[in-house]
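# Structural overview for review
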Amino acid sequence: NVSLELLDEENKNMNSTASTNMDYCTDPLTAHECETLFTDTVVPVVLSTVGAVISEIFSFVTIVMILRSPIKLSSIYHRIMFMMSAMNILSSSAILLSTLPMPRDLIYPFDGTSIGTVVSCEIQGFMNMVGTAGSFFYYCGLCLFYLCLIQIRMKDKNLKRFLEPLIHLFGLLLPLGIAFFFLYTDLINPSPYETWC
């Protein structure tokens, strides 16, 4: 009985402390002392948007150069670079949208505008996951391609037959599988610490 009374007393103290902290942060005289996280300000929104635009421009230029070249997509190198650039455009587009797809009734105090819904948030997260993972795996595939070409001296026929399907498997299907898993299990949600919604 005494231990229950002590627990009740402790609970009351914790609740009064929490409400005092809330009052402290909402009171106009003391609110300036409550810490604002850097991720809640407009600076990361601007930086990520500028970086996304630059990244999209150069990925688009890479794709145009590949498609205007005489050999177009007939070389393994061009196909890998094309897909890596396409994945980069996908993730950069998601980053460029910044806080816009986030739900209007967001619980985080972002300075950016939020005009979206849960669905738009999930679409942004899906695009970013597929694009980022795809770019990473295609980059790894490009490194592996050059390792096999230069160090192992694998013939073009064998590269096309054995290596390229693996590169596309890991570069396209694996990121799609991961993103669908995250979408299916509701792991794509608004967060102040992630690059997706």
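In what follows, the structure referred to is the one given above.
Residues numbered from 1 in each chain as written. Predicted model: local features only at pLDDT ≥ 70, side-chain atom pairs only at ≥ 80, totals over all residues. Heavy atoms only, no water.

## Observations regarding the overall build of the chain
- For the chain, the helix and strand inventory stands at 5 helices and 0 strands.
- Reading the helices (α) and strands (β) of the chain from amino to carboxyl end gives α-α-α-α-α.
- The proportion of buried residues among the 197 residues of the chain is 31%.
- By sequence separation, contacts in the chain at least 24 residues apart represent 65% of the contacts at least 6 residues apart.
- Of the roughly 12,800 Å² that the chain leaves accessible, carbon and sulfur atoms contribute 69%. (Helix = DSSP H or I, 4+ residues; strand = E, 2+ residues; numbered from the N terminus. Buried < 20%, exposed > 50% of the residue type's maximum accessible area, 1.4 Å probe, protein only. Contact = heavy atoms within 4.5 Å. Areas by Shrake-Rupley, 256 points an atom, 1.4 Å probe, with all protein chains shown as cover.)

## Some words on helix α5 (residues 156-184)
- Its 29 residues place the ends of α5 39 Å apart at the C-alpha level, agreeing with the 42 Å of an ideal helix rising 1.5 Å per residue.
- Helix geometry: α5 is bent most strongly at Leu163, by close to 40°, with proline Pro165 lying one to four residues after it.
- For α5, the complete set of buried residues consists of Leu159, Leu163, Glu164, Ile167, Gly171, Pro175 and Ala179.
- Those residues of α5 that are buried are in contact with α3 (76-96) and α4 (118-151).
- Asp186 occupies a position one or two residues after α5 and carries a positive phi of about 55°. (Expected span 1.5 Å × (residues − 1). Bend = angle between axes of the 7 residues up to and from the residue.)

## Remarks on the packing of aromatic side chains
- Evaluated as defined, the whole model comprises 6 aromatic pairs.
- Relative to Phe137, the ring of Phe136 has its centre 5.3 Å away and its plane inclined at 65°; by these criteria the two rings are edge-to-face.
- Aromatic pair Phe181 and Phe182: ring centres 6.2 Å apart, planes at 80°, arrangement edge-to-face.
- Given a relative accessible area of 47%, Phe181 falls into the partly exposed group.
- Residue Phe182 is classed as partly exposed on the basis of its relative accessible area, which comes to 24%.
- In this structure an aromatic cluster arises from ring pairing among Tyr77, Phe145 and Tyr146. (Phe/Tyr/Trp six-rings, centres within 6.5 Å; stacked < 30°, edge-to-face > 60°.)

## Focus: the nonpolar core
- Of all hydrophobic cores here, the largest spans 19 residues; its most connected members are Ile80, Tyr138, Leu142, Phe145, Leu159, Leu163 and Ile167.
- Of all the secondary-structure elements, those providing two or more residues to this core are α3, α4 and α5.
- With 7 residues, α4 is the largest single contributor of residues to this core.
- With residues near it in sequence (within four places) discarded, Leu159 still touches Ile76, Phe145, Cys148, Leu149, Met154, Glu164 and Pro165. (Core = buried A, V, L, I, M, F, W, Y, C linked by side-chain atoms within 4.5 Å.)

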